[in-house]
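Descriptive structure summary
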Amino acid sequence: MAPFIVSPASVDDVPDMVQVYNSAFEHNYFSSFTFPKEKVPQDIKNEWLAEKYTAALRTPGMETFVCRDNISGEVAGFARWGYPVVLTDAQKEEKRTRDAEAKQKRKKGIAPYPLGSNVECCDAKFLGLEKFRDKHVDYEDMYGMKPRPLSLNTIRTDEHPVVYFLGVHQKYQGKGVGTLLLKNGLNLADAQGRKTYIEATDAGRRLYLKLGWEEIDVLRIDIQRWGGSKPGTNYIMMRDPQTLGA
Ligand SMILES: CC(C)(COP(=O)(O)OP(=O)(O)OC[C@H]1O[C@@H](n2cnc3c(N)ncnc32)[C@H](O)[C@@H]1OP(=O)(O)O)[C@@H](O)C(=O)NCCC(=O)NCCS
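This one's a predicted model, so the numbers in the text were calculated from it and none came from an experiment.

The subject of this paragraph is the confidence of the model for the protein chain. Chain-level pLDDT for the protein chain is 86 on average; 85% of the residues reach the 70-or-more range. By mean pLDDT, the top-scoring element of the protein chain is helix H1 (residues 14-24) (98), and the lowest-scoring one is strand S4 (residues 142-144) (50). Long-range and interchain partners of residues 144-160, a stretch whose pLDDT sits below 50, account for 42 contacts in this model, where long-range means more than four residues apart.

Right, let's get into the site of the ligand. Near the ligand lie 20 residues; those nearest to it are Gln173, Gly176, Gly178, Thr179 and Gly204. The dominant element in the shell around the ligand, judged by the number of residues it contributes, is helix H7 (residues 202-210), at five residues. Here the residues of the shell around the ligand are counted per class, giving eight nonpolar, nine polar and three charged.

Another aspect to go through is the packing of H1 against helix H3 (residues 42-58). The N-to-C vectors of H1 and H3 enclose an angle of 120°; their axes lie 9 Å apart at closest approach. Here H1 is positioned oblique relative to H3, judged by the angle of their axes. For the element pair H1 and H3, the recorded crossing hand is right-handed. Residues Val14, Met17, Val18 and Tyr21 of H1 touch H3, and the partners they reach there are Asn46, Leu49, Ala50, Tyr53 and Thr54. Its residues assigned to classes, the contact of H1 with H3 comprises seven nonpolar, two polar and no charged.

The rules behind these values
Residues numbered from 1 in each chain as written. Predicted model: local features only at pLDDT ≥ 70, side-chain atom pairs only at ≥ 80, totals over all residues. pLDDT = per-residue confidence, 0-100. Helix = DSSP H or I, 4+ residues; strand = E, 2+ residues; numbered from the N terminus. Contact = placed C-beta atoms within 7 Å. Near = placed C-beta within 6 Å. Nonpolar A, V, L, I, M, F, W, Y, C, P; charged D, E, K, R; others polar. Axes fitted to C-alpha atoms, helices over the stretch in contact; angles between N-to-C directions. Parallel < 35°, antiparallel > 145°, perpendicular 65-115°, else oblique. Left-handed = near helix turned anticlockwise from the far one by under 90°.

So this is what it looks like as structure tokens:
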């Protein structure tokens, strides 16, 4: 019996996915400044994450995969991929309404982060990453990790998947779970001969290099003014299609 098994996630998996996120990012240096533990109550953060994950499960074209321990059944890690689709008129309308609501909220000073977050640091990081995507990602010809949402006009049925998130519970790290979740999507990218884009943390960088990504840029945010001893960093990486081992 294989030690781990990857399968599509359902709404029932959301609480486990929240736990996986909290464990995977517990010691993430950059996150400790965007979402400072002492200021963001854990229950507020959990609720925010659960909402995000549930919404993603309902978003056309997004697919979340969980990797379970085959014996205990526990969720060891998960990855979220985007599969571009042609939206129906009703779905387009829904998306327009959602985007307009988010814009309105932002105008009123309500940031899209959990209560207590360091909004300035979050903006520097998340809007900064968006700029890198605009610079490097060809949405019609690449896979990517966390690309900006595809424009309604450019979505095509023959486009390709994208990874939005990868995290593995600390208890299960170093056992091949991350590799399994990545290969699940990379096999498809390779079969289609597509490039893959990813925004790596310090923790993920080595694994991505091993799987064929190359560093093409770096996001570095000075966080000294919030007490940081070094910049907050994300590595912008690109991977050419290739043949992976099983
Ligand atoms: C980065 C992350 C997703 C990697 O997941 P993982 O399940 O630990 O990754 P793997 O086990 O597949 O690979 C990790 C290492 O174990 C090795 N490994 C893989 N299978 C293994 C096995 N069966 N036994 C022992 N080691 C194994 C890999 O070769 C890799 O080696 P490396 O340390 O030289 O890179 C995980 O550490 C994590 O969630 N980190 C925190 C959150 C984060 O930063 N996420 C990435 C966002 S971009």
